[in-house]
Amino acid sequence: MTSPLLQVEGLGKRFGGFVALEGIELAVEPRERLGLIGPNGSGKSTLVNCICGTLHNETGTVRFDGREIDNLLAHQRTHLGLARSFQLPRPFPSLSLLDNVRMPLLYTVQVRQKILRSPAELDTRCIELLRQVGLEGKARRFPRDLSQVEMRKLELARAMAAEPKLLIADEAMAGLSHSEVEDILTLLVRLNEQGITVILIEHIMRAVMSFSQRLVVLVSGRKIADGKPDDVVNDPEVVRAYLGQ
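K.L.:
Even after reading the chapter, I still don't get the environment of Met 173, so can you show me in this structure?
P.N.:
By the element assignment, Met 173 lies in the loop between strand 7 (166-170) and helix 6 (178-193). When the C-alpha positions of Met 173 and Pro 91 are compared, they lie 17 Å apart, and in sequence the two are 82 residues distant. In this structure, Met 173 is in contact with Arg 152, Val 181, Ile 184, Leu 185, Leu 188, Leu 200, Glu 202, Ile 204 and Ala 207, ignoring residues within four places of it in sequence.

K.L.:
Explanation requested: the nonpolar core in the structure shown.
P.N.:
If you look at soluble globular proteins, the nonpolar side chains tend to sit buried side by side. Of all hydrophobic cores here, the largest spans 37 residues; its most connected members are Val 101, Leu 130, Met 173 and Leu 188. Elements represented by at least two residues in this core include exactly helix 3 (97-113), helix 4 (119-132), helix 5 (148-161), strand 7, helix 6, strand 8 (197-201) and helix 7 (205-211). Ranked by the residues each element gives to this core, the list is headed by helix 5, at 8 residues. Formed by 26 residues, the second largest nonpolar core is a distinct cluster that contains Leu 6, Val 8, Leu 26 and Val 28.

K.L.:
Would you explain the sheet that holds strand 9 (residues 214-219) in this entry?
P.N.:
In a beta sheet, neighbouring strands are held together by backbone hydrogen bonds and run either parallel or antiparallel to one another. One open sheet holds the 6 strands; their spatial order is 6-7-8-3-9-10, and the pairing between them is mixed. Each having just a single partner strand, strand 6 (82-85) and strand 10 (222-227) make up the two edges of the open sheet. Looking at each pair of strands side by side, their axes are set apart by 20° on average, direction ignored. In this sheet, strand 8 lies alongside strand 7 in parallel orientation, the contact comprising 5 bridges. Along strand 8, the bridge assignment pairs Ala 169 with Leu 200. Across the sheet, helix 1 (residues 44-52) touches strand 3 (33-37), strand 6, strand 7, strand 8 and strand 9, and the angle it forms with strand 6 is around 145°. With respect to the sheet, helix 6 is in contact with strand 3, strand 7 and strand 8, its orientation differing from that of strand 8 by roughly 155°.

K.L.:
Looking at this structure, I do not really get the packing of helix 4 against helix 5. What am I missing?
P.N.:
Each pair of packed helices can be summarised by the angle the axes make with each other and by the distance between the axes. At a minimum axis distance of 9 Å, the contact between helix 4 and helix 5 shows a crossing angle of 135°. With respect to helix 5, the element helix 4 is oriented oblique. The interaxial crossing formed by helix 4 with helix 5 has right-handed handedness. Where helix 4 approaches helix 5, its residues Leu 129, Leu 130 and Gln 132 are matched on the opposing element by Leu 154, Ala 157, Met 160 and Ala 161. Of the residues assigned to the contact of helix 4 with helix 5, the class counts are 6 nonpolar, 1 polar and no charged.

What counts, and at which threshold
- Residues numbered from 1 in each chain as written.
- Predicted model: local features only at pLDDT ≥ 70, side-chain atom pairs only at ≥ 80, totals over all residues.
- Heavy atoms only, no water.
- Helix = DSSP H or I, 4+ residues; strand = E, 2+ residues; numbered from the N terminus.
- Contact = heavy atoms within 4.5 Å.
- Core = buried A, V, L, I, M, F, W, Y, C linked by side-chain atoms within 4.5 Å.
- Buried < 20%, exposed > 50% of the residue type's maximum accessible area, 1.4 Å probe, protein only.
- Pairing = 2+ DSSP bridges.
- Axes fitted to C-alpha atoms, helices over the stretch in contact; angles between N-to-C directions.
- Parallel < 35°, antiparallel > 145°, perpendicular 65-115°, else oblique.
- Left-handed = near helix turned anticlockwise from the far one by under 90°.
- Nonpolar A, V, L, I, M, F, W, Y, C, P; charged D, E, K, R; others polar.

So this is what it looks like as structure tokens:
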């Protein structure tokens, strides 16, 4: 039996007197596709920030690939193979798409592998990553030249450039059309088939249900369900708290 790639045990986070997360238990297996859902304010982003190191939990432990990472900074966790995309894409606006993808290769992958790639090798890898998201034809363009769906694809390409073991995709489909949602889903499934474990945080339920092998639900900072997607969405507590029925 394999050990979880990500293990969260008893995680808690407060902001002053407000309890954002309490007693969160979560295990994610290698190569798994996990959906994380919950109403606004349920603690999803806070949990992701605690896992990725943007915030630090007051209680509990986060282990990644067998290592306790609570005391590591965000960039150190990225070096271990933990990457995320953001709800609002955050490219470097003054850099081309090629150079936006180059940054994580330079400052994450090369640091981890301790191997210096030549400029030509870096260019080849950047083009390959942009090709995977359908943006190789705009490699020399700038983020301002992209549509909304292209911005989200660039955000995923930047996360992929870190060559993660685990990718957390935080609302990568918000505001997209049906066909654009399908494009992002296809990309995430392809990444998973390449061996990357994926946690998808999303409000578009058809996308979550299509993608996820397992579904976790947060409400008011607590985990209320964890299991097969069909079982979870039919759980009476989930229906009351999240689906509003």
